[in-house]
Amino acid sequence: MNVNQSAPPVPPFGQPQPVYPGYHQSSYGGQPGSTAPPTPCGSYNGPVPGYQQTPHPGVSRAPPSSGALPSSTAQVPCGQGAYGQFGQGDVQNGPSSTVQMQRFPGSQPFGSAPLAPVVSQPTVLQPYGPPPTSAQVTAQLAGMQISGAVASAPHPSGLGYGPPTSLASASGSFPNSGLYGSYPQGQAPPLSQAQGHSGAHPPQRSAPQQASSFTPPASGGPRMPSVTGPLLQGQSFGGPPVSQPNHVSSPPPQALHPGTQMTGPPGPPPPMHSSQQPGYQLQQNGSFGPARGPQPNYGSPYPGAPPFSSQSGPQPLPPKRLDPDAIPSPQLNELPPQQKTRHRIDPDAIPSPIQVIEDDRNNRGSEPFVTGVRGQVPPLVTTNFLVKDQGNASPRYIRCTSYNIPCTSDMAKQAQVPLAAVIKPLAKLPPEEVSPYIVDHGESGPLRCNRCKAYMCPFMQFIEGGRRFQCCFCSCINDVPPQYFQHLDHTGKRVDAYDRPELYLGSYEFLATVDYCKNNKFPSPPAFIFMIDVSYNAIRSGLVRLLCEELKSLVDFLPREGGAEESAIRVGFVTYNKVLHFYNVKSSLAQPQMMVVSDVADMFVPLLDGFLVNVNESRAVITSLLDQIPEMFADTRETETVFAPVIQAGMEALKAAECAGKLFLFHTSLPIAEAPGKLKNRDDRKLINTDKEKTLFQPQTGVYQTLAKECVAQGCCVDLFLFPNQYVDVATLSVVPQLTGGSVYKYACFQVENDQERFVSDLRRDVQKVVGFDAVMRVRTSTGQSWLEKSRWGAKSGREASGICHTISPDPVHVASGIRAVDFFGAFYMSNTTDVELAGLDGDKTVTVEFKHDDRLNEENGALLQCALLYTSCAGQRRLRIHNLALNCCTQLADLYRNCETDTLINYMAKFAYRGVLNSPVKTVRDTLITQCAQILACYRKNCASPSSAGQLILPECMKLLPVYLNCVLKSDVLQPGAEVTTDDRAYVRVLVTSMDVAETNVFFYPRLLPLTKSPIESTTEPPAVRASEERLSNGDIYLLENGLNLFIWVGASVQQGVVQSLFSVSSFSQITSGLSILPVLDNPLSKKVRGLIDSLRAQRSRYMKLIVVKQEDKLEMLFKHFLVEDKSLSGGASYVDFLCHMHKEIRQLLS
């Protein structure tokens, strides 16, 4: 697909349009629209049937290639130093030199007698270009990545296209102390081949493609090469002894003569004999081929590994194509007794998340992602890319588990791939991208379909000269209102298409009319109420004094709309322990007035006038109050607190003021005072791993669900800041924030000196971020709702008038629908099966929607999604934000598997599992995840991959990281807690993940591990990550680990003294303070670079990450190792290698 389409012959919409004064840019997120660059769009050819799916005639591209860049031409990324140079005390990471290196125990068996797959990643067949040369055919047959005269493009790994990842397995189990290290001398990896078949429908993409699709063998297409991994212990070829600890060489098969055609049904591969042919090293990502240029984690090619052809002596003969389980072990009796049953896997030969991320950045980070083509898979969330909206919503707003949906429910059930979308309606865009335009249609309001109520979008088709339009969601014919009429051009498009955002963009906003408001009345600006715990614990810890001091300045930074000089949001203040204190801060008062409500069982607001005030008008009174609060309660001895009455009071205050708003609660202890919502300490670790464990995640009482429902009806969102010294029952206290769209922050054992920066940073960001209040969201699908009324929507209430939440008429019409939204995950409340109700929604929150089939989909028309969010802005303006997305539909399973996105899939599966623990034993939830993953991969193996040995584990290219990511989910604290993880910690993590977007879950489950002392000090780029395993740590280096919530600096025991001095301002390793949370500010390049990197990482995340410095072999190192997710965990979680073996066993059982 050509992404460089010409701009339309109209002025860019980003410039002021004098003839369309009602259109202006949104200033959402504080981005002034007038300064945004224009984004001209390519031509859009009408609704779904007219989608452009062929390359633009004026632009051509070089054929993509599967070859890797030759090492002579590979470019080292700017600023990445050579990793081949090791300093004092270094232990090399990854593939090592010829010096033998012993690995320490890193893995334990996951189950009984798991199979041991060894992975390699084959190259792909080239769909375009001249016929392959003999050398290229040879390489393709062997599944090697090579570069030749024609192949010059980098391998577009990780795009979801191309061959499956093939793994070979051998029988036997891993002993408990198995070492995954070098191969015995004289061994080389066997080669086997698996066939793939060319598909009939190559997907449309804007990035270079790997042309490998998998259809049934009857297609008779060319065979897909596949290579098994290195030989396991006890298997060998004849030949000279070699010593290659972490990477081995292999002889390729015999080359075919030029012109040889691979046709006919799949069968066994031709015999392979080789005498004098060059060999290739096993590379870090598991593929065979000439050594590429610098790898993502290494600045120079692997040192000291000669090619196989440089070895003296006769070359070993390749084996016949046998099941690896049946391969004899001729050297078994020659091995030491303790190694006779040991089978080892090279961790570098299994799919690497770091390699996939780096490949995607290299292949897709340089060009903008243009959304004009249906069903495009976007770049990974770890890739920085620019989005150009040309009719489909940006992936920053919507990401799908698959961009090619099965046409039938039977096909979807067979594949078991969940069909889901992770929607972030108010996502904040980078400065280079334009915020959604705001469209004002005046009193008539936005144009919609009369039947399904879908909003006008680029996929609607205008007919009869523009007098009518056909709905793309339900096919209903609608009249065009006179004020909206416009003529059509010769292509059937409106001549003003590029002047109206709703006709050419995927995301935009409508100004809502009064019909979309409660009680047919425009809303008032929202209010913020700060509710502060002043019990003994809060005063003693210094929290109250710190908070009051911060609020004095923070009230000047409330969110505001566009160029407004001041925020329209009003503020109020409440303090509480066993009773509640309301404060009158009216501007006419000289001093604030306190009113106490002690009857917490029947809560009411004692004052209306003077409670919610404008900050600028009452600044002096507010400042006086915040100065007095810490002194008023300085001598308190009250330890008991209430909780539910506090929320009740805030909601009643908003109701009396007839506005929506947000409550900021600062709470320290379990609410045990006599009042509604009183809780008891029910923390019981004995319930873990029992059928009653689920009760630890459930709320104690139904009071909070009832209270949350009332808050949602009022538009009262709750953000909760917890400062516990012991158990506070997060599972219960978080119910109201969860159901109202709020956030929960937790600071265990809060101390001002250690936690001040984190708390203040989180508070500032939470108060300042833009929020949509009193929101309702609905997701429509392209073939209409299952039940649609004939009549127009009634206007009985604000939600009913919106057409988002409605009542069904007595005389419904049944319309056959393809897919529909059936399940929702996130922080919201639902009073029916279709409408997501949110008292508040910010730019960090996501709503995950699962779809199921109602009827057969049409492959030609595809499927459409429309997300409509009705909300009140921070200025009190009622708006509708619309996001549209077009997906492909397929009849071949191979098309489904090559268009999936693993990161989104893991996001959905984690949320599905974390909700499952509320009602099912944790073991059942874990088993469900493993079974579903095995079914997904077994279906691919059975229906898409070529016939091959049962000992091979074959993974889809775009799902090759599914096992490692799923294992991270299974080892998370919610599903497999360690001894040190508290019940509150588990409930807290469960709440956080429920609303995370795809980028956040990606780094949360697979943390980033960055070496700080490998790259040159003068480099300004982020250092390349290494895999999250202890084997990658060198005791001569310093590493930084982040997962979105935590930030660690690990210091090796042999780090050079100069590095320690430059970073920590101490003279030796022993003088570094373990647990240090703030790096000293030093005037040297290394200190500046590391502190700058930490600031950059914190700016990328939605929460402030507290720093912890960990020394090697220190007691805190166990906490750090908990995040090295490729290793076996202390709580019993499997290592990546062992889980891969277990997954292979599960797949083989399903296939047999």
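Residues numbered from 1 in each chain as written. Predicted model: local features only at pLDDT ≥ 70, side-chain atom pairs only at ≥ 80, totals over all residues. Heavy atoms only, no water.

Got a minute to help me understand the overall build of the protein chain in this structure?
Within the protein chain, the secondary structure is distributed over 23 helices and 36 strands. A buried classification covers 61% of the 1152 residues belonging to the protein chain. For the protein chain, the share of sequence-separated contacts (at least 6 apart) that also reach a separation of at least 24 residues comes to 78%. Element-wise, carbon and sulfur atoms account for 52% of the exposed surface of the protein chain, whose accessible area totals about 41800 Å². (Helix = DSSP H or I, 4+ residues; strand = E, 2+ residues; numbered from the N terminus. Buried < 20%, exposed > 50% of the residue type's maximum accessible area, 1.4 Å probe, protein only. Contact = heavy atoms within 4.5 Å. Areas by Shrake-Rupley, 256 points an atom, 1.4 Å probe, with all protein chains shown as cover.)

Looking at this model, I keep getting lost on the pairing of strand β33 (residues 1008-1011). Mind explaining?
On a regular strand, one side chain projects to one face of the sheet and the next to the other, so that they alternate. In β33, alternate side chains face the same way, and those of R1008 and L1010 on one face and L1009 and P1011 on the other are all buried. Here four bridges tie β33 to strand β34 (residues 1038-1042), and the two strands are oriented antiparallel to one another. Bridging across to β34, R1008 finds its partner in E1042. (Pairing = 2+ DSSP bridges.)

I'm lost on the nonpolar core in this one. Help?
The tendency in soluble globular proteins is for nonpolar side chains to be buried as a group. Judged by nonpolar contacts, the single largest core of 145 residues is most densely connected at L580, F582, Y897, L975, I1049 and F1064. The element contributing the most residues to this core is helix α16 (residues 922-943), with 11 residues. One finds F528, V555, V621 and Y747 within the second-largest nonpolar core, a separate group that totals 45 residues. (Core = buried A, V, L, I, M, F, W, Y, C linked by side-chain atoms within 4.5 Å.)

I would appreciate a short explanation of the side chain of K1089 in the present structure.
Structurally, K1089 can be placed in helix α21 (residues 1085-1100). Despite its burial, K1089 pairs with no opposite charge; the closest candidate is E1018, at 7.5 Å N-O. Those residues in contact with K1089, other than ones at most four positions away along the chain, are S1015, P1016, I1017 and S1019. (Lys, Arg positive; Asp, Glu negative; His and termini not counted. Salt bridge = Lys/Arg side-chain N within 4 Å of Asp/Glu carboxyl O.)

Would you mind showing me how to read the environment of V752 here?
Tracing the chain through its elements places V752 in helix α12 (residues 752-768). Note: C-alpha distance between V752 and G542 (210 residues apart in sequence) is 6.3 Å. Excluding residues within four positions of it along the chain, V752 makes contact with S541, G542 and L543.

Would you mind going over the sheet that holds strand β19 (residues 580-584) with me for this structure?
Paired through their backbone hydrogen bonds, the strands of a sheet run either parallel or antiparallel. One open sheet accounts for seven strands, arranged β20-β19-β18-β17-β21-β22-β23; its pairing is mixed. The open sheet has two edge strands, β20 (593-597) and β23 (744-746), and neither has a second partner. Sheet twist, expressed as the average angle between the axes of neighbouring strands with direction ignored, equals 20 degrees. Summarising the sheet, strand β21 (residues 661-667) and strand β22 (residues 716-722) pair through seven bridges and their orientation is parallel. Following the sheet pairing, L665 is matched in β22 by L720. Helix-sheet contacts for helix α6 (residues 543-554) involve β17 (527-533), β18 (570-576) and β21, and the interaxial angle to β17 is about 160 degrees. (Axes fitted to C-alpha atoms, helices over the stretch in contact; angles between N-to-C directions.)

Is there a simple way to think about the pairing of β34 in this case?
Here β34 lies mainly inside the structure; five of its five residues are buried. Across the two faces of β34 the burial is the same, with I1038, L1040 and E1042 and Y1039 and L1041 all buried. Alignment of β34 against strand β35 (residues 1046-1051), held across five bridges, turns out to be antiparallel. Looking across to β35, one finds that L1040 is bridged to I1049. Connecting β34 to the next strand, β35, in antiparallel fashion are three residues, including G1044 with a positive phi near 90 degrees.

Honestly, a nonpolar patch on the surface in this entry has me stumped. Any pointers?
A contiguous nonpolar patch, built from M594, V596 and M632 and spanning about 250 Å² of accessible area, is present on the exposed surface. Structurally, the position occupied by V596 is in strand β20. V596 gets classed as partly exposed once you look at its relative accessible area, which sits at 48%. (Patch = residues over 30% accessible without salt bridge, like charges linked within 9 Å, V, L, I, M, F, W, Y side chains within 5 Å.)

So what exactly am I meant to see when it comes to empty space enclosed by the protein here?
Empty space among the atoms becomes visible once a probe the size of a water molecule is rolled across them. This structure, assessed with the given rule, holds 18 cavities of 30 Å³ or more. Looking at the lining of the largest cavity, the elements that each hand over two or more residues are β23, α18 (983-994) and α19 (998-1005). Ranked by the residues each element gives to the lining of the largest cavity, the list is headed by α19, at three residues. (1 Å grid on protein atoms, 1.4 Å probe; cavity = no way out; pocket = protein on both sides within 12 Å on 5 of 7 lines; lining within 4 Å. Points joined across faces, edges and corners; volume = space filled by probe spheres on them.)

Would you mind showing me how to read unusual backbone geometry here?
It is generally the case that most residues other than glycine have a negative phi and that most peptide bonds are trans. With a phi angle near 55 degrees, N519 is a residue other than glycine that sits in the positive phi range. Among the structural elements, N519 can be located in the loop between β16 (507-511) and β17. Overall, the relative accessible area of 71% leaves N519 in the exposed class. You will see that C749, though not glycine, has its phi angle at about 50 degrees, which is positive. Mapped onto the elements of the fold, C749 is located in the loop between β23 and α12.

Just checking my understanding: could you explain the pattern of salt bridges for this structure?
Pairing of side chains with opposite charge becomes possible as their charged atoms draw close. Inspection of every chain in the model, using the stated rule, returns 45 salt bridges. Residue R898 pairs with D895 through a salt bridge whose shortest N-O separation is 2.6 Å. One exposure class covers both R898 and D895, and it is buried. K1121 is paired through a salt bridge with E1117; the nearest N and O atoms lie 3.9 Å apart. Taken together, the residues K1121 and E1117, both in helix α22 (residues 1117-1121) and four residues apart, mark about one turn of the helix. Accessibility expressed as a relative area gives 7% for E1117, which makes it buried. Taken together, the shared-partner salt bridges connect R765, D766, K769, D842, D844 and K845 into one network.

Is there a simple way to think about the packing of helix α15 (residues 902-916) against α18 in this case?
Helix packing geometry: the angle between the two helix axes and the distance between the axes. Close contact between α15 and α18 brings their axes to 9 Å; oriented N to C, the two are set at 140 degrees. Considering the angle they form, α15 stands oblique to α18. Considering how the two elements wind past one another, α15 and α18 form a crossing that is left-handed. Along its contact with α15, which presents A910, K911, Y914 and R915, the element α18 presents V989, R990, V993 and T994. The class makeup of the residues in the contact of α15 with α18 is four nonpolar, one polar and three charged. (Parallel < 35°, antiparallel > 145°, perpendicular 65-115°, else oblique. Left-handed = near helix turned anticlockwise from the far one by under 90°. Nonpolar A, V, L, I, M, F, W, Y, C, P; charged D, E, K, R; others polar.)

Is there a simple way to explain the packing of aromatic side chains in this structure?
Each aromatic ring pair is characterised by the separation of its centres together with the angle its planes make. Applying the stated criterion to the full structure yields 30 aromatic pairs. Each ring, one from F528 and one from F664, has its centre 5.1 Å from the other, and the planes form 70 degrees; the classification is edge-to-face. Here F528 is found in strand β17, whereas its partner F664 is found in strand β21, with 136 residues between them in sequence. Both residues of the pair, F528 and F664, belong to the buried class. Ring centres of F723 and F750 lie 5.2 Å apart, and the angle between their planes is 80 degrees; on these two criteria the pair is classed as edge-to-face. Pair noted here: F723 is in the loop between β22 and α10 (730-733) and F750 is in the loop between β23 and α12, with a separation of 27 residues, a long-range link. The exposure class assigned to F723 is buried, which follows from its relative accessible area of 4%. In this structure an aromatic cluster arises from ring pairing among F666, F721, F723, Y745, Y747, F750 and F759. (Phe/Tyr/Trp six-rings, centres within 6.5 Å; stacked < 30°, edge-to-face > 60°.)

Looking at this model, I keep getting lost on the sheet that holds strand β14 (residues 468-470). Mind explaining?
Taken together, three strands build an open sheet; the order of strands is β13-β14-β15 and the sheet is antiparallel. Two strands bound the open sheet, and with one partner strand each, they are β13 (461-463) and β15 (477-479). Pairwise comparison of adjacent strand axes, ignoring direction, gives a mean angle of 35 degrees for this sheet. Here three bridges tie β13 to β14, and the two strands are oriented antiparallel to one another. By the bridge assignment, Q461 is partnered in β14 with Q470.

Can you walk me through α19 in this structure?
Every α-helix winds through 3.6 residues per turn, so residues three or four apart in the chain are directed the same way. Burial analysis of α19 places seven of its eight residues in the buried class, the great majority of the element. Listed in full, the buried residues belonging to α19 are V998, E1000, T1001, N1002, V1003, F1004 and F1005. Two to three positions downstream of the cap, the backbone nitrogen of A999 sits 3.3 Å from a side-chain oxygen, assigning the N-cap of α19 to D997. (Polar contact = N/O pair within 3.5 Å; in protein donor to acceptor, adjacent residues only side chain to side chain.)

Got a minute to help me understand the confidence of the model for the protein chain in this structure?
Close inspection of predicted coordinates is inappropriate for parts of the model with low pLDDT. The share of residues in the protein chain with pLDDT of 70 or more is 67%, and the mean pLDDT across the chain is 76. In the predicted structure, residues 1-343 sits below a pLDDT of 50 and forms 824 contacts with residues beyond four places in sequence or in another chain. Segment residues 784-816: pLDDT under 50, and 82 contacts once partners within four positions in sequence are set aside and those in other chains are kept. (pLDDT = per-residue confidence, 0-100.)

Please clarify how the side chain of N404 should be interpreted in this entry.
The residue N404 is located in strand β10 (residues 404-406) in this model. Note on N404: relative accessible area 6%, which makes it buried. Polar side-chain contacts of N404 include one of 3.4 Å to the backbone nitrogen of C889. Excluding its chain neighbours within four sequence positions, the residues that come into contact with N404 are N888, C889, C890, D895, L896 and N899.

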